[in-house]
Amino acid sequence: MDLNDKPTRLYKVWKGSNKFFCGGRLIFGPDVASLFLSTLLIAGPAIAFSIKIYLKIKDTTNSDHHLWYPVLIVGSFLTVLDLMFLFLTSGRDPGIVPRNSRPPESDEAYDVTTPSMEWVNGRTPHLKLPRAKDVIVNGHTIKVKYCDTCLLYRPPRTSHCSICNNCVRRFDHHCPWVGQCIGLRNYRFFFMFISTSTILCIYVFAFSLINILEKKGGFWEAVSHDIPSDFLIVYCFIAVWFVGGLTVFHFYLICTNQTTYENFRYRYDKKENPYNKGTMRNLKEVFFSKIAPSMNKFRSFVKEDEHMMAGSVTPNIGESIISSKEKIDIEMGTKKRAGSSGFSLPEILRNLDYDDLEDNIKSSEEERRPAFDTFLSVEPEEYFQSSTGQDGVTQFMQSSSFGDSVRRSSAGESDQSSMAATGTKAVEGTDDRNNLHQTTAPVFQA
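Quick caveat: nothing in here was measured; it's all calculated off a predicted structure.

Quick notes on the rules
Residues numbered from 1 in each chain as written. Predicted model: local features only at pLDDT ≥ 70, side-chain atom pairs only at ≥ 80, totals over all residues. Heavy atoms only, no water. Helix = DSSP H or I, 4+ residues; strand = E, 2+ residues; numbered from the N terminus. Buried < 20%, exposed > 50% of the residue type's maximum accessible area, 1.4 Å probe, protein only. Contact = heavy atoms within 4.5 Å. Areas by Shrake-Rupley, 256 points an atom, 1.4 Å probe, with all protein chains shown as cover. Salt bridge = Lys/Arg side-chain N within 4 Å of Asp/Glu carboxyl O. Core = buried A, V, L, I, M, F, W, Y, C linked by side-chain atoms within 4.5 Å. Phe/Tyr/Trp six-rings, centres within 6.5 Å; stacked < 30°, edge-to-face > 60°. Pairing = 2+ DSSP bridges. Axes fitted to C-alpha atoms, helices over the stretch in contact; angles between N-to-C directions. Parallel < 35°, antiparallel > 145°, perpendicular 65-115°, else oblique. Left-handed = near helix turned anticlockwise from the far one by under 90°. Nonpolar A, V, L, I, M, F, W, Y, C, P; charged D, E, K, R; others polar. pLDDT = per-residue confidence, 0-100. Patch = residues over 30% accessible without salt bridge, like charges linked within 9 Å, V, L, I, M, F, W, Y side chains within 5 Å.

**Q** Help me understand the overall build of the protein in this model?
**A** A tally of regular secondary structure across the protein gives 11 helices and 18 strands. A burial count over the protein gives 36% of its 446 residues as buried. Nonlocal contacts in the protein, meaning residues at least 24 apart in sequence, comprise 59% of its contacts between residues at least 6 apart. Of the accessible surface of the protein, which amounts to about 28200 Å², a share of 59% is contributed by carbon and sulfur atoms.

Take a look at the structure:
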């Protein structure tokens, strides 16, 4: 049995840059390490706050120490909830569109004649696909683009993430703090994560300030003696501007049914948003609608040879000429030198005879080149014959020869019947009427 025919899990041969854990049950972005930093930034101050409140509860000298029990419980609950939303955002499929192994068949593939739309593929040579198509969304015409990496036409609101190397439905952005793309299937949890973080920052800031104000003595004296509360106040004050600003911005996007990518690129304030359904319906769509199922079954068995992508190339008119020693990488759209790793050229390009092509180019140049080299010191040999007419005027008859003069000189003939003109220069002039070149003959002495 051939090893290539052995079935394997889909996540093991996944073409994207994602990282999988727990046998493909959890999918993260390539920068999953930043998730640990985010966890530390949330859990660290929250644990310090919980310890501070717990010590205040155990202080029997404080008459109202029992009132701090709810503060500890709510603070712990917000911390666990915030971390839960963080991992729900980071460890799930954001809405990845499965890529194709070959370009799609298009009804209008052979109706397009624009060179920039041509797609050359080893299995389907001379296939032509339009770079964009028009689709109707809520009565508005939307252009969907063709993805050269995933070999598909992206659905509306879908974009290709260069970090994860996947097309993601309703792509919002790639968040480095959670190490994952934010898309259709995890945007709800992302918003809950940043909003919970904002509430937690305000909560810790408020009760840390109350803890300082309850101390006896002046305010500055209490500040100088309660260093942990001082740190929590400063930390939460800085953090709330970051997560709070994100919460307000994304709440605006939800109410207007936009994504971060659309807001920065299309600017719907200058034209009508085809996806806007009204504030209430937009909120319902994000928070109360059913989450779309994943289009990928990462634990399913597939044959590795069936999942391999077909090498292909999209030529661009006006680009540099591709030599026979270069290979084209379909994933990144760049050229690789021979000997480097990457996809091989398609069969239609491998069969091209580049040597004949170069010979044809050289022969065409030689045909356009003059019969003699202007940089050589070989001058045309001119022959003069004289005759005397009836009027006594001597007439000269002139003829020139290029090839014979050179052949005779190379053959070593010393005796020549005529004198050669050497060390002279031809002066070219242009006649406005017939555009003929004229040469001035030198003066010879007998």
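**Q** What should I look at first to understand the pattern of salt bridges in this one?
**A** Note on pairing: side chains with opposite charge can pair once their charged atoms come close. Inspection of every chain in the model, using the stated rule, returns six salt bridges. Residue lysine 56 pairs with glutamate 214 through a salt bridge whose shortest N-O separation is 3.6 Å. Here lysine 56, found in helix H1 (residues 34–58), pairs with glutamate 214, found in the loop between helix H3 (187–213) and helix H4 (219–225); they are 158 residues apart in sequence, far enough to count as distant.

**Q** I tried to follow the nonpolar core on my own but got confused; where do I start?
**A** Among the nonpolar cores identified, the biggest contains 36 residues, and Phe49, Ile53, Leu86 and Phe193 are the most heavily contacted of them. Looking at this core, the elements that each hand over two or more residues are H1, helix H2 (69–90), H3, helix H5 (227–256) and helix H7 (279–287). Considering every element that reaches this core, the biggest residue donor is H3, with 10 residues. Counting six residues, the second-largest nonpolar core is a separate cluster that includes Leu10, Trp14, Ile27 and Ile96.

**Q** Please clarify how the packing of aromatic side chains should be interpreted in this entry.
**A** Geometry of an aromatic ring pair is reported as the spacing of the ring centres plus the angle between the planes. A full pass over the atoms with the stated rule returns 17 aromatic pairs. Here the aromatic rings of tryptophan 68 and phenylalanine 207 are separated by 6.1 Å at their centres, their planes lie at 70 degrees, and the arrangement is edge-to-face. Here phenylalanine 207 lies in helix H3 and tryptophan 68 lies in the loop between H1 and H2, a separation of 139 residues in the sequence. You can call tryptophan 68 buried: its relative accessible area is 4%. The class for phenylalanine 207 is partly exposed, based on a relative accessible area of 22%. Seen from their ring centres, phenylalanine 205 and phenylalanine 237 are 6.4 Å apart, and the 35 degrees between their planes marks the pair as tilted.

**Q** How do you make sense of the pairing of strand E7 (residues 140–147) when you look at a structure like this?
**A** Two faces make up the sheet, and in a regular strand the side chains alternate between them. Pairing between strand E6 (residues 132–137) and E7: six bridges, direction antiparallel. Within E7, the position partnered with isoleucine 136 by the bridge is threonine 141. The hairpin turn running from E6 into E7, its antiparallel successor, is two residues long, and asparagine 138 in that turn takes a positive phi close to 55 degrees. What sits between E7 and strand E8 (residues 152–153) in their antiparallel hairpin is a turn of four residues, with leucine 151 showing a positive phi close to 55 degrees.

**Q** When you look at the sheet that holds strand E10 (residues 166–168) in this model, what are you seeing that I'm missing?
**A** For sheets, the rule is that strands pair by backbone hydrogen bonds, running either parallel or antiparallel. Across the sheet, which stays open at both edges, the three strands sit in the order E4-E10-E9 with antiparallel pairing between neighbours. A single partner strand is all that each edge strand has here, and the edge strands are strand E4 (96–97) and strand E9 (159–161).

**Q** How do you make sense of the packing of H2 against H3 when you look at a structure like this?
**A** For any two helices packed against each other, one specifies the inter-axial angle together with the distance between the axes. Orientation of H2 relative to H3, taken along the N-to-C sense of each, is 155 degrees, at an axis distance of 9 Å. In terms of axis orientation, H2 runs roughly antiparallel to H3. In the packing of H2 onto H3, the handedness of the crossing is left-handed. Across the interface between the two elements, Pro70, Val71, Val74, Gly75, Leu78, Thr79, Leu81, Asp82, Phe85, Leu86, Leu88 and Thr89 of H2 pack against Phe189, Phe190, Met192, Phe193, Thr196, Ser197, Ile199, Leu200, Tyr203 and Phe207 of H3.

**Q** Teacher, can you tell me more about the packing of H1 against H5 here?
**A** One way to put it is that H1 packs onto H5 with a least axis distance of 10 Å and a crossing angle of 145 degrees. Of the two possible hands of crossing, H1 and H5 adopt the one that is left-handed. Contacts from Leu41, Pro45, Ala48, Phe49 and Lys52 of H1 reach H5 at Ser229, Leu232 and Tyr235. Of the residues assigned to the contact of H1 with H5, the class counts are six nonpolar, one polar and one charged.

**Q** Before we go on, may I ask you to explain the sheet that holds E8 in this structure?
**A** Taken together, three strands build an open sheet; the order of strands is E6-E7-E8 and the sheet is antiparallel. In this open sheet, the two edge strands, each paired with only one partner strand, are E6 and E8.

**Q** Sorry if this is basic, but what is going on with the confidence of the model for the protein here?
**A** A low pLDDT means the predicted coordinates there should not be read in detail. Overall, the predicted model of the protein reaches an average pLDDT of 73, with 61% of residues at or above 70. Under a pLDDT of 50 for its full length, residues 108–125 has, in the predicted model, 53 contacts with residues more than four places off or in other chains. This stretch, residues 309–355, has a pLDDT under 50; its non-local contacts, to residues over four places away or in other chains, come to 78 contacts.

**Q** Hey, could you run me through the side chain of serine 208 in this one?
**A** In this fold, serine 208 is placed in helix H3. The residues contacting serine 208, other than those within four sequence positions of it, are Phe49, Ser229, Leu232 and Ile233.

**Q** Sorry if this is basic, but what is going on with a nonpolar patch on the surface here?
**A** Residues Leu37, Leu40, Leu41, Trp177 and Phe242 make up a contiguous nonpolar surface patch of roughly 480 Å² in combined accessible area. With respect to the secondary-structure elements, leucine 41 resides in helix H1. A relative accessible area of 35% places leucine 41 in the partly exposed class.

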